[in-house]
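# Notes for the structure review
Next come the chains, spelled out residue by residue.
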Amino acid sequence: MTRLALEGLHKAYGSSVAVGDVSLTVAPGQVVCLLGPSGCGKSTTLRIASGVERQTAGRVLIDGRVVSDDTLHEPPERRSVGLMFQDFALFPHLTVARNVAFGLAKLKRSARMDVAMAYLERVDMGRHAQKYPHELSGGEQQRVALARALAPKPRVMLMDEPFSGLDNRLRDEVRDAALAVLKDEDAGVLLVTHDPEEALRMGDQIALMRDGMIEQIGAPYHIYNNPKDRDAAAFFSDLNVIHGSVQSRQTDTPFGRFLTPGLVDDADVEIIVRPQHLKIELDSGERPAMSAKTGVPAPGTVVRSRFMGPESLIEVSMDHDKSCLRATVPGVFTPEAGTRVWLSLRRESCFLYPCANQSKVASPFERDAV
Ligand code: ADP
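Thresholds applied
Residues numbered from 1 in each chain as written. Predicted model: local features only at pLDDT ≥ 70, side-chain atom pairs only at ≥ 80, totals over all residues. Heavy atoms only, no water. Phe/Tyr/Trp six-rings, centres within 6.5 Å; stacked < 30°, edge-to-face > 60°. Helix = DSSP H or I, 4+ residues; strand = E, 2+ residues; numbered from the N terminus. Buried < 20%, exposed > 50% of the residue type's maximum accessible area, 1.4 Å probe, protein only. Lys NZ or Arg CZ within 6 Å of the ring centre and 35° of its normal. Core = buried A, V, L, I, M, F, W, Y, C linked by side-chain atoms within 4.5 Å. Contact = heavy atoms within 4.5 Å. Near = heavy atom within 4 Å. Polar contact = N/O pair within 3.5 Å; in protein donor to acceptor, adjacent residues only side chain to side chain. Areas by Shrake-Rupley, 256 points an atom, 1.4 Å probe, with all protein chains shown as cover. Nonpolar A, V, L, I, M, F, W, Y, C, P; charged D, E, K, R; others polar. Pairing = 2+ DSSP bridges. Salt bridge = Lys/Arg side-chain N within 4 Å of Asp/Glu carboxyl O. Expected span 1.5 Å × (residues − 1). Arc of directions from axis to C-beta.

### Observations regarding the packing of aromatic side chains
- If you walk through the whole model with that rule in mind, you get three aromatic pairs.
- Ring centres 5.7 Å apart and planes at 65 degrees place the aromatic pair Tyr224 and Phe236 in the edge-to-face group. Separated by 12 residues along the polypeptide, Tyr224 in helix H7 (residues 220-225) and Phe236 in the loop between helix H8 (230-234) and strand E11 (240-247) bring together distant segments of the chain.
- Geometrically, the ring pair formed by Phe351 and Tyr353 is tilted, given 6.4 Å between the ring centres and 35 degrees between the ring planes. Each member of the pair Phe351 and Tyr353 is classed as buried.
- It is Arg347 that lies over the ring of Phe258; its NZ or CZ is 3.9 Å from the centre.

What follows is the structure, encoded as structure tokens:
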């Protein structure tokens, strides 16, 4: 059973295409995050799913029923969708309880308050039921907004950056509370965010969007560890790029040799590694041993280092090409500028791609050292 299916959605505003071709499904109890930079078409996709906006082509199905296609377009109130936006304000003149009860017109009057209270309890806001929205903090208001959206038991919850107005600490708390409640419901959730951490934290599936298209979709672990290209990898963190050129189906780098069996001689490749996957060692006068896991250490000089809280960031100028690589290590590690160090790559966490505009890959790369 699929709660929400988007099939071949396309949306143009005049000659400008906001959504190129988007297809995805959301199962009951599943959270699918649309992740991408500003302007890539996430909100437009969500608005089309809700019915606020109509697609130029494609279909929207809820619980297997077509709610919008070329000939039919049901309005939001007939789609069984719950909406939650960053600035989706509560009614200021209604109490918290009456805000939540407002969407329950289908229920008997006597049942409305009971259901509203039950949902307020679930988001830990029962004790604030008789307050007015202006008496609540931002986080509390978002909890009420969540209760209000869920109380009518929608088939599909559509959430657009719902937590981005909250400060960091509160955001984590409200996000976790929301996720717990959402997981208990049977609705399918489509959540728009530009924040990779939020997508990793909330999503059962992450759909990476760029220029109106879904570039890659998959479970957070999979998509983080198997990005399809450099841009997909860059969604989640800063990247280091090491350039190489293929000779005899191998690519030699100062960090060791990589097998690149699908590429012809002289093809340019990029080896991408996240800062936390660089290993950094202080120079004790001799080259550290190479290993199958981290390949060959290469020497460099610390340019600067900063303590960032949970981790430290060290920038290193490499001897071989003067490129600057960034490594992060947990805790406090802040060697002074000028300190000599050795960097190596955690090879299983490296991604290898041919440089753009090359289509010389015949088989997947291998990551083993030779
Ligand atoms: P995102 O949510 O990823 O930031 P949007 O879906 O809001 O992106 O917008 C995608 C593109 O469509 C942007 O270039 C935006 O300017 C354009 N767009 C969105 N809504 C409209 C509109 N009502 N009229 C014209 N262009 C729009």
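### A few points about the nonpolar core
- In this structure, Leu120, Leu146, Met157, Met159 and Phe163 are the most contacted members of the largest nonpolar core, which totals 44 residues.
- The dominant element in this core, judged by the number of residues it contributes, is helix H4 (residues 138-150), at six residues.
- Sequence-distant contacts of Phe163, defined by excluding residues within four places in its chain, comprise Met84, Arg171, Val174, Arg175, Ala178, Leu191, Glu198 and Met202.
- Val22, Leu46, Val81 and Leu158 belong to the second largest nonpolar core, which has 24 residues in total.

### Things to note about the site of the ligand
- Neighbouring residues of the ligand: Tyr13, Ala18, Pro37, Ser38, Gly39, Cys40, Gly41, Lys42, Ser43, Thr44 and Arg47.
- Between Tyr13 and the ligand, the recorded distance is 3.4 Å, taken from a side-chain N or O atom to a nitrogen atom.
- Within the backbone of Cys40, one N or O atom sits 3.0 Å away from an oxygen atom of the ligand.
- Protein contact buries 59% of the 570 Å² of open area that the ligand shows by itself.
- Per-element accounting of the shell around the ligand gives the leading share, four residues, to helix H1 (residues 42-50).
- For the shell around the ligand, the class distribution of residues is four nonpolar, five polar and two charged.

### Section: the pairing of strand E17 (residues 311-318)
- Burial analysis of E17 places seven of its eight residues in the buried class, the great majority of the element.
- For strand E16 (residues 298-307) and E17, the ladder comprises seven bridges, and the chain directions are antiparallel. Within the sheet, the bridge partner assigned to Arg304 lies in E17 and is Glu315.
- Between the antiparallel neighbours E16 and E17 lie three residues, among them Gly309 with a positive phi of about 105 degrees.
- Looking at chain direction, E17 and strand E18 (residues 324-330) are connected through seven bridges and run antiparallel. Note on E18: the bridge partner recorded for Glu315 is Arg326.
- In textbook terms, the turn of a hairpin is the stretch between consecutive antiparallel strands, and for E17 and E18 this stretch comprises five residues, one of which, Lys322, has a positive phi near 65 degrees.

### Observations regarding the pattern of salt bridges
- Applying the stated criterion to the full structure yields 31 salt bridges.
- In this structure, the salt-bridge partner of Lys183 is Asp204, at a minimum N-O distance of 2.5 Å. Residue Lys183 is found in helix H5 (residues 168-184), and its partner Asp204 is found in the loop between helix H6 (196-202) and strand E9 (205-210); the two are separated by 21 residues along the sequence.
- When its relative accessible area of 30% is taken as the criterion, Asp204 is described as partly exposed.
- Through salt bridges with shared partners, a single network forms among Asp172, Arg175, Asp176, Asp195, Glu197, Glu198 and Arg201.

### Some points on the environment of Ala187
- Looking at the element boundaries, Ala187 is found in the loop between H5 and strand E8 (188-193).
- Look at Ala187 and you get buried, because its relative accessible area is 3%.
- Considered as a pair, Ala187 and Ile242 are 55 residues apart in the sequence and their alpha carbons are 44 Å apart.

### Considerations on the side chain of Thr328
- Relative to the assigned elements, Thr328 resides in strand E18.
- By relative accessible area, which is 10% here, Thr328 ends up buried.
- Within the structure, the side chain of Thr328 is placed 3.3 Å from the backbone nitrogen of Gln276, a separation counted as a polar contact.
- Those residues in contact with Thr328, other than ones at most four positions away along the chain, are Pro275, Gln276, Glu311, Ser312 and Leu313.

### Points about helix H3 (residues 109-122)
- Between its first and last C-alpha atoms H3 spans 21 Å; for 14 residues at 1.5 Å apiece the expected length is 20 Å, and the two agree.
- Where H3 is concerned, the buried positions are Ala116, Tyr119 and Leu120. Across the axial projection of H3, the buried residues extend over an arc of 100 degrees, all falling on one side. H3 presents Ser110 and Asp114 as exposed residues on the side facing more than 90 degrees away from its buried surface.
- In the core, the buried residues of H3 are packed alongside helix H2 (96-101) and H4.
- Asp124 occupies a position one or two residues after H3 and carries a positive phi of about 65 degrees.

The values reported here are purely geometric and, on their own, carry no functional implication.
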